[in-house]
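Now for the letters of each chain:
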Amino acid sequence: MKVFGVVGWKNSGKTGLMERLVAEFTARGVSVSTVKHAHHSFDVDRPGKDSDRHRVAGASQVLLSSANRWALMSELRGAAEPPLSELLQKLSPVDLVLIEGYKRDTHLKVEAHRKETGQPLIADEDSSIRAIASNEALPDAKVPVFDLDDTKAIADFISDSLDL
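### Describing the sheet that holds strand E1 (residues 2–7)
Spatially, E2-E5-E1-E6-E7-E8 is the arrangement adopted by the six strands of the open sheet, whose pairing is parallel. One side of each edge strand has no neighbouring strand; the edge strands of this open sheet are strand E2 (32–36) and strand E8 (145–147). Neighbour-to-neighbour, the strand axes of this sheet turn through a mean angle of 25 degrees, independent of strand direction. Pairing between E1 and strand E5 (residues 96–100): five bridges, direction parallel. Bridge pairing in E5 links Val3 to Val97.

### Remarks on the nonpolar core
Residues Phe4, Leu17, Leu21, Phe25 and Leu98 are the most contacted members of the largest nonpolar core, which totals 22 residues. Mapped by element, the contributors of at least two residues to this core are E1, helix H1 (14–27), E5, strand E6 (109–113), strand E7 (129–134) and helix H4 (151–162). In terms of residue count, the dominant contributor to this core is H4 (six residues). Apart from the residues lying within four places of it in its own chain, the contact partners of Phe25 are Val30, Val32, Leu96, Leu98, Ala155, Ile158, Ser159 and Leu164. Listed in part, the eight residues of the second largest apolar core include Val7, Ile122, Ile132 and Leu138.

The rules behind these values
Residues numbered from 1 in each chain as written. Predicted model: local features only at pLDDT ≥ 70, side-chain atom pairs only at ≥ 80, totals over all residues. Heavy atoms only, no water. Pairing = 2+ DSSP bridges. Helix = DSSP H or I, 4+ residues; strand = E, 2+ residues; numbered from the N terminus. Axes fitted to C-alpha atoms, helices over the stretch in contact; angles between N-to-C directions. Core = buried A, V, L, I, M, F, W, Y, C linked by side-chain atoms within 4.5 Å. Buried < 20%, exposed > 50% of the residue type's maximum accessible area, 1.4 Å probe, protein only. Contact = heavy atoms within 4.5 Å.

Here you go:
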């Protein structure tokens, strides 16, 4: 599977760019899965539901299934967070995995950047960032810069970078 990431500071447009890229690639006939890293605790279950009750009772894994989807929830219970490479092995094969976050990993990435955040460019310190998607001109950037809303051009860049 080919892997490409989207990184950036909070409120930089990462999730919107991810959403548009998934839609663009799937419209091109590319099968896509995503991985999203969260820096905070999260829950995909609903309190009080049977599956939540199983997890709260101490189950290491809870698999929830219906006619529309299934989800496997794994509780770390104090164990270390698995590395991205291990998590990728849990995905079914697709043409492209888009990763939101994991900015410290070494896979190829595009940085989402909004002037309004006031944050410095991550690309200045990270050679795995191969392009920037920004809402401002960045004439001193060391990598190609795309308009944050030019999804087609960003997808073309990713495709070319990965030989998709």
